[in-house]
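Given next are the chains, with one letter for each unit.
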Amino acid sequence: MIDNDLLKLHKSVFLDWKNKLGSVDSPQESFERWLFIQVSGVLFGGKTGELLIVKKDFFSMPLDHCLIHTDSFCESWGLKHKLLVMTGGSLKFIVYREDAVNLRLKRASKKILHCHLRYPFGLNAQTFLHELAKRWQENGRIPHEIGVALGYPLKDVWGFMGLNKFRCSGSCGWQIFGDPEPSMKTRARYADARKRAECLLRAA
């Protein structure tokens, strides 16, 4: 649960952001409202980041405009974003909390990150996502270690990649490895955050 002071802060930021939307055109408003729901886990649930995919003309505006409006949204909410892959038909990017990604990288197995996956030493959010984007673009496949930046339990990220001894024990939007309880609690927290975001938009 969010404490009262933090809840008041979120409401204040929400009102400022909502008032700003009153002065933008309809496609930008629709896009930012969609963003608000999609990244609700990051905003209200302690999620590290959210991977987003936008297809061409989905919001009746060019893809590069979507990135411009993402920048505006992130500025309002104190978030960062990183373009990972862009083609003529879609763009894939992550919206994240920089300090949260940095903390996750500190907690992640150095043996896996540096020895097995061969990421450079001294990683931070920017260098990790830059290298991840480079690998995705070169291989045409999403690097599964992106889960580190998306707030999935590390045991589940490494388990999905076959890099730990845990067996798959279920699913909750992602595959769970080992003890399911912390993963289920994490999933419930993200789901509650989405409900909070939906309620805020309905009440606005």
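Residues numbered from 1 in each chain as written. Predicted model: local features only at pLDDT ≥ 70, side-chain atom pairs only at ≥ 80, totals over all residues. Heavy atoms only, no water.

Considering the pairing of strand β4 (residues 168–171)
Direction of pairing for β4 relative to strand β5 (residues 175–177): antiparallel, over a ladder of three bridges. What sits directly across from Cys-168, in β5, is Phe-177. Between β4 and the antiparallel strand that follows it, β5, lie three residues; Gly-173 among them carries a positive phi value of about 105 degrees. (Pairing = 2+ DSSP bridges. Helix = DSSP H or I, 4+ residues; strand = E, 2+ residues; numbered from the N terminus.)

Here's the deal with the environment of Val-101
Inspection of the secondary structure assignment puts Val-101 in helix α5 (residues 98–107). In sequence terms Val-101 and Gly-151 are 50 residues apart; their C-alpha atoms lie 8.4 Å from each other. Every residue in contact with Val-101, bar those within four places of it in the chain, is listed here: Thr-48, Tyr-96, Ala-125 and Ala-149. (Contact = heavy atoms within 4.5 Å.)

Side note on the side chain of Thr-186
By the secondary structure assignment, Thr-186 is in helix α9 (residues 180–203). The exposure class of Thr-186 is buried, given its relative accessible area of 11%. Sequence-distant contacts of Thr-186, that is, excluding residues within four places in its chain, are made with Gly-151, Pro-153 and Trp-174. (Buried < 20%, exposed > 50% of the residue type's maximum accessible area, 1.4 Å probe, protein only.)

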